[in-house]
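Residue strings, one per chain:
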Amino acid sequence: MKKEQRMTQILLLCYLILLTWIILFKLQLPTDGWIEYRSVNLIPFGASVVIDGAIDFREIFNNVWIFLPFGLYLGMLKPAWSFGRKLLAVVALSVTYEVLQYVLAIGASDITDVITNTLGGAAGLLLFMGLFRLGKDKTHVVLNRVALVGTILIFGSVFVVLFLSTP
């Protein structure tokens, strides 16, 4: 199980690097030159997700979806932690990203993002719990293999888009 635990830690690190690049750097390279932007929205599901008078469910879905793996990884790496403690770790990571966006002036800090990221992390935790009930110890092996393939595909796609696409 040590080998699986180590693989999960490495995959989590890759995920966090990608998550940081997505949330903080908006899929840009440092050479692209960031525009300084800073705002705070403390009204849940307010103006930040309303486009042309309608709620942008795509943004909400993306925030849920992108934090789902974090819940899975927490479930795998911290089985002794209570659900509440794991959920608190999800909230802490989300709040950290929102604060960093504000401090670094590279985005909008939004309570809606914290809520939807937390929902995604909770969904990942619940998914792990369900899968673990079905697969027991095989769950870690299967999830690590799926995560490894996903990580390779994502990093491969990023490489193609960044370095092989024509300007």
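Everything discussed here concerns the structure shown above.
Here goes a summary of the coordinates provided. (Residues numbered from 1 in each chain as written. Predicted model: local features only at pLDDT ≥ 70, side-chain atom pairs only at ≥ 80, totals over all residues. Heavy atoms only, no water.)

### Side note on unusual backbone geometry
For clarity, the cut-off: Each helix is a run of H or I in the DSSP string that is no shorter than four residues. Each strand is a run of E no shorter than two, and both are numbered from the N terminus.
Positive phi is not limited to glycine here, since Ala-105 has a value of about 55°. Tracing the backbone shows Ala-105 in the loop between helix 3 (83–103) and strand 4 (106–110). Within the chain, Lys-136 stands out as a residue other than glycine whose phi angle is a positive 50°. In this structure, Lys-136 sits in the loop between helix 4 (111–135) and helix 5 (138–164).

### A short note on the pairing of strand 4
Cut-off, in case you're wondering: Any residue under 20% of the maximum accessible area for its type is buried, any over 50% is exposed, and the rest in between are partly exposed; the area is computed with a 1.4 Å probe on protein chains only. Here, a strand pair is defined by DSSP locating no fewer than two bridges between the strands.
Of all five residues that make up strand 4, four are buried, and the element is covered over most of its length. Two strands pair when backbone bridges link them, and strand 1 (residues 37–41) and strand 4 are joined in this way by five bridges, in the parallel orientation. Of the residues in strand 4, the one forming a bridge with Asn-41 is Asp-110.

### Some details on the pattern of salt bridges
Pairing is possible between side chains of opposite charge, provided their charged atoms come close. Defined as follows: Here, a salt bridge means any Lys or Arg side-chain nitrogen found within 4 Å of an Asp or Glu carboxyl oxygen.
Per the counting criterion, the structure on display carries one salt bridge. Between Glu-4 and Arg-145 there is a salt bridge, with its nearest N and O atoms 2.9 Å apart. Of this pair, Glu-4 sits in helix 1 (residues 2–23) while Arg-145 sits in helix 5, and the two are 141 residues apart along the sequence.

### Regarding the side chain of Glu-4
Heads up, the condition is: Think of a polar contact as two N or O atoms within 3.5 Å of one another; within protein, one of them needs to be a possible hydrogen donor and the other a possible acceptor, and neighboring residues in sequence only count if both atoms come from side chains. In this description, contact between two residues means that some pair of their heavy atoms is separated by no more than 4.5 Å.
What makes Glu-4 buried here is its relative accessible area of 8%. Polar contacts involving the side chain of Glu-4 include one to the side chain of Asn-144, which spans 2.7 Å. When residues no more than four places from it in sequence are discounted, the contact partners of Glu-4 are His-140, Val-141, Asn-144 and Arg-145.

### Quick word on the packing of aromatic side chains
A ring pair, where both rings are aromatic, is described by two values, the distance of the centres and the angle of the planes. Formally: Pairing of aromatic side chains here covers Phe, Tyr and the six-membered ring of Trp, requires ring centres within 6.5 Å, and sorts the geometry by plane angle: under 30 degrees stacked, over 60 edge-to-face, intermediate tilted. Whether a charge lies above a ring is judged from NZ of Lys or CZ of Arg, which has to be within 6 Å of the ring centre and within 35 degrees of the ring normal.
A full pass over the atoms with the stated rule returns five aromatic pairs. Considering the side-chain rings of Phe-61 and Trp-65, the 6.1 Å spacing of their centres and the 10° angle between planes classify their relative orientation as stacked. Taken together, the residues Phe-61 and Trp-65, both in helix 2 (residues 57–77) and four residues apart, mark about one turn of the helix. The residues Phe-61 and Trp-65 share a single accessibility class, namely exposed. In textbook terms, an aromatic cluster arises when at least three aromatic residues are bridged by ring pairs, as seen for Tyr-15, Phe-67, Phe-70 and Tyr-73. Between the NZ or CZ atom of Arg-38 and the centre of the ring of Tyr-102, over which it lies, the distance is 4.9 Å.

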